[in-house]
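Structure at a glance
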Amino acid sequence: MNLLTRTANRMTAAFASGYDAVKSSGKRKAASSVLKHEDQNLKNADRHRMIGATRDMARNFSIVAWAIRKHLDYVSLFDFQMRTQSDELNQQIETLMRDWQRPSQCDAAGRHSFSKMLRMVEARRTIDGDVMALKLQGGQIQIIEADRIRQPDKIEQGDRWYNGIRVNRAGASAQYALWNRTDSSQFQFARNVPARRMIHHGHFERFDQVRGISPLAAALNSFRDCYESIDLALAKMKVEQLFALVFYRDAEESIGAPTGTDANGYEIDFGKGPVQLDLDPGDKAEFLKTDNPGSNTREFMQTVLSIAIKSLDLPYNFVDESHTNFFGSRAAWLLYDRSCQHKRADVLEFLRKVTVWKLQQWIISGQLQLPEGQTIRDLPFEWVHRGMPWWDPAKEINGAVAAIKAGLDNPYRITKEAGRGEFEENVDAIAKANAYAEERGVTLEYAMQPVVEEPPPEPNNTRGRQ
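Along each chain, residue indices are assigned from 1 in the same order as the chain's sequence is written. With the structure being a predicted model, the display of local features is reserved for residues of pLDDT at least 70 and the display and counting of side-chain atom pairs for 80 or more, all residues being used for whole-chain, interface and lining totals. Side-chain descriptors were evaluated using all non-hydrogen atoms of the structure, hydrogens and water having been removed beforehand.

Points about the overall build of the chain
- Of the regular secondary structure elements, the chain holds 14 helices and 11 strands.
- Burial classification: accessible surface area is computed with a 1.4 Å probe over protein chains only, and a residue below 20% of its type maximum counts as buried, one above 50% as exposed, and the rest as partly exposed. By the burial criterion, 31% of the 466 residues in the chain qualify as buried.
- To measure how exposed things are, a 1.4 Å probe is used in the Shrake-Rupley method; for residues, cover is taken only from the protein chains shown. Accessible surface computed for the chain: about 31100 Å², of which carbon and sulfur atoms make up 51%. Secondary structure elements are defined from DSSP: runs of H or I of at least 4 residues count as helices, runs of E of at least 2 residues count as strands, and each element is numbered from the N terminus.

In structure tokens form, the structure reads like this:
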């Protein structure tokens, strides 16, 4: 048996069973064999440091702040709609909800409207990992930020606490240990809050995970490296501007006087216009200039940033609009919009819990009286996401009309996805407009007009003409 055959047999035996990913070759970092509860990977002091680091990046690095705002634009804009068979009941509940969304009614601090609170709640979930909404008896909501939920001072034997949340045998949340901030940036234990009074909104990736973890955690080091590299590049650029001209002297006596000036040096003033340098033999003058930052550095930072913003599923053309053409931008947006669906579902679940709680309160207080025989289960409602406006309205409207005629879509979904309000409201508004126009002797025309494509201009070829 020759050497090549023996080597092949040894390689075949080494990789005949198992997974290569778990085998240590000495050429890469060994695969981790530590398997534990996700909250054990980021607990107590480490969790607080992570929250502080993500807040610091969002506070000081504009790219991170922009990425968070862009994420919020796509996942935190919703409008409330009742879906019962009674228009009168729908209007009554929608009026109650609209009144409650005022800052003085929904916010315990009286600062923010509910739409603003929802945006801030999603921002806290993205930056801190999770956030809690405490339901108050007065009908308002008090937002509890993540760092205020900590391990309690005293833990009873047998209780299971994970980063400030006690869970039951099934792993469901039972209590939240609430702390208050003091003036000295310390925390003081307040009380344990039962889970029924809390609405927990967080980022979860595992079934047994109790506290949410920010999606920015995977990109935090990359964002910090880019942030520090920008500062270093700017510092280097400033040095080049301060020391614009460098003289090289061959003379032995040009060591400078004790005052710090060059006794045999040159005095140059660029503010007096064109300058002619008459140097001694052997002397040389050069402008201090480097390719800072170089093209390789710029391309590498672009790559690092494009990888980092993937933590929020953002395409790079959102950062640099000139990065791709229209069709590339459209495709990137469609893929990003698809990635937002499960994030919107989390926000919708938060809104569902808030809505059910408010409906219960209104019924108990007598503000809302249901028809005889109906319960809260007979009150269907929906939080409608505000879609994106059309990119090319004329073409997309024609495409939507063709899809409806072919049975491939319906006016309700198209109206919702385009962010054009509610279909019924639009029809009612059109009927009102038609009645008013007819009363004033004006005929409104709503027929679709064909989109006329302008032919390209003929080439200006004058060759051979006199």
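Past the structure itself, the notes keep going.
Quick look at the side chain of D337
- Topologically, D337 is positioned in helix α10 (residues 326–339).
- Here, residues are in contact when the closest pair of their heavy atoms is within 4.5 Å. Discounting chain neighbours no more than four positions away, the residues touching D337 are Y74 and R344.

Description of the pattern of salt bridges
- Within this document, salt bridges are pairs made up of a side-chain nitrogen of Lys or Arg and a carboxyl oxygen of Asp or Glu, the two lying within 4 Å of each other. Applying the stated rule across the entire model yields 22 salt bridges.
- D130 is the partner of R211 in a salt bridge, and the nearest nitrogen-oxygen pair spans 2.6 Å. Separated by 81 residues along the polypeptide, R211 in the loop between β8 (198–202) and α8 (220–242) and D130 in strand β2 (residues 130–135) bring together distant segments of the chain. Accessibility classification places R211 together with D130 in one group, the buried group.
- Here the salt bridges share partners, and the residues they tie into one network are R55, R124, D128, E145, D147 and R181.

Some remarks on the environment of S329
- In this fold, S329 is placed in helix α10.
- Apart from residues lying up to four places away in sequence, S329 is in contact with N317, T324 and W391.

Notes on the packing of α10 against helix α11 (residues 341–365)
- Two numbers describe how α10 lies on α11: the axes approach to 4 Å, and their chain directions differ by 35°. From α10, D337, R338 and S339 reach across to α11, where they touch Q341, H342, K343 and R344.
- Taken together, the residues of the contact of α10 with α11 sort by class into no nonpolar, 3 polar and 4 charged. Under this scheme, a helix contributes an axis fitted over its contacting stretch, all axes are lines through C-alpha atoms, and angles between N-to-C directions fall in the 0 to 180 degree range. Each residue is assigned to one class: nonpolar for Ala, Val, Leu, Ile, Met, Phe, Trp, Tyr, Cys and Pro, charged for Asp, Glu, Lys and Arg, and polar for all the others, Gly among them.

So, the nonpolar core
- By size, the foremost hydrophobic cluster in this structure holds 31 residues, and its most contacted members are F61, V64, I68, Y74, F223, L314 and F318.
- Counting residues per element, this core draws most heavily on helix α4 (residues 62–75), at 8 residues.
- In this structure F61 touches F223, C226, Y227, I230 and L305, once residues within four positions along its chain are discounted.
- Nonpolar cores were defined as sets of buried Ala, Val, Leu, Ile, Met, Phe, Trp, Tyr and Cys residues, with membership established by side-chain atoms within 4.5 Å. Ranked by size, the runner-up nonpolar core spans 27 residues in total, among them L89, A133, I141 and W357.

With respect to the sheet that holds strand β5 (residues 165–167)
- The sheet built from 4 strands is open, its strands ordered β4-β5-β6-β7 with antiparallel pairing. Among the strands making up the open sheet, the edge pair consists of β4 (160–162) and β7 (187–194). On average, adjacent strands in this sheet sit at an angle of 25° to one another, irrespective of strand direction.
- Across 7 bridges, the pairing between strand β6 (residues 173–181) and β7 is antiparallel. A strand pair is defined by DSSP finding two or more bridges across the two strands.

Some remarks on unusual backbone geometry
- Phi is positive for N44, which is not a glycine, with a value near 50°.
- Residue placement: N44 occurs in helix α3 (residues 44–60).

Points about a nonpolar patch on the surface
- Patch building starts from residues that exceed 30% relative accessible area and form no salt bridge, then joins like charges within 9 Å and nonpolar side chains (Val, Leu, Ile, Met, Phe, Trp, Tyr) within 5 Å. A cluster of nonpolar residues, I430, V442, L444 and Y446, forms a patch on the protein surface that exposes about 350 Å² of accessible area.
- Turning to its location among the elements, L444 is positioned in the segment after α14 (423–439).

Re the confidence of the model for the chain
- Averaged over every residue, the pLDDT of the chain is 84; the share at 70 or more is 81%.
- Looking at any residue, its pLDDT shows the predictor's confidence there, from 0 to 100. Note that residues 255–263 has pLDDT below 50 and, in this model, 6 contacts with residues that lie over four places away or in other chains.

As for the pairing of strand β3 (residues 141–145)
- The pairing of β2 with β3 spans 5 bridges and is classified as antiparallel. Within the sheet, the bridge partner assigned to V131 lies in β3 and is E145.
- Following β2, the chain reverses through 5 residues before pairing antiparallel with β3; G139 in that reversal takes a positive phi of roughly 95°.

Focus: the pairing of strand β1 (residues 78–82)
- Burial runs high along β1: 4 of the 5 residues are buried.
- Of the strand pairs in this sheet, β1 and strand β11 (residues 381–385) are connected by 5 bridges, and their pairing is antiparallel. Residue M82 lies in a different strand from β11, and its bridge partner there is F381.

Focus: the packing of aromatic side chains
- What counts as a ring pair is set by centres within 6.5 Å for rings of Phe, Tyr and Trp (its six-membered ring), and what kind of pair is set by the plane angle: stacked under 30 degrees, edge-to-face over 60, tilted for all other angles. Scanning the entire structure with this criterion turns up 12 aromatic pairs.
- On the numbers, 5.5 Å between centres and 75° between planes, the contact of F318 with Y336 is edge-to-face. Here F318, found in the loop between α9 (295–308) and α10, pairs with Y336, found in helix α10; they are 18 residues apart in sequence, far enough to count as distant. Accessibility assignment for this pair places F318 and Y336 in one class, buried.
- One aromatic cluster is present, formed by F80, W100, F114, F381 and W383 through successive ring pairs.
- Only Lys NZ and Arg CZ are tested; either one counts as a charge over a ring when it is within 6 Å of the ring centre and within 35 degrees of the ring normal. Its end group placed over the ring of F187, R150 keeps NZ or CZ at 3.6 Å from the ring centre.

Some thoughts on the sheet that holds β3
- Strand order across the open sheet formed by 3 strands is β3-β2-β8, with antiparallel pairing between neighbours. Looking at strand neighbours, the two that pair on one side only are β3 and β8, the edges of this open sheet. Here the average twist between neighbouring strands, direction ignored, is 25°.
- Strands β2, β3 and β8 of the sheet are contacted by α11, whose axis makes an angle of about 170° with β8.

Some thoughts on the environment of N426
- Its location among the elements puts N426 in helix α14.
- The contact partners of N426, leaving out residues within four places of it in the chain, are T415 and R420.

A short note on the packing of helix α5 (residues 87–100) against α11
- It is the contact of α5 with α11, at a shortest axis distance of 12 Å, that shows an interaxial angle of 110°. Comparing their axes, α11 and α5 come out roughly perpendicular. Counted together, I93, L96, M97 and W100 of α5 and V354, T355, W357, K358, L359 and W362 of α11 form the full contact between these two elements.
- The residue makeup of the contact of α5 with α11, split by class, is 8 nonpolar, 1 polar and 1 charged. Roughly parallel means an angle under 35 degrees; roughly antiparallel, over 145; roughly perpendicular, 65 to 115; everything else is oblique.

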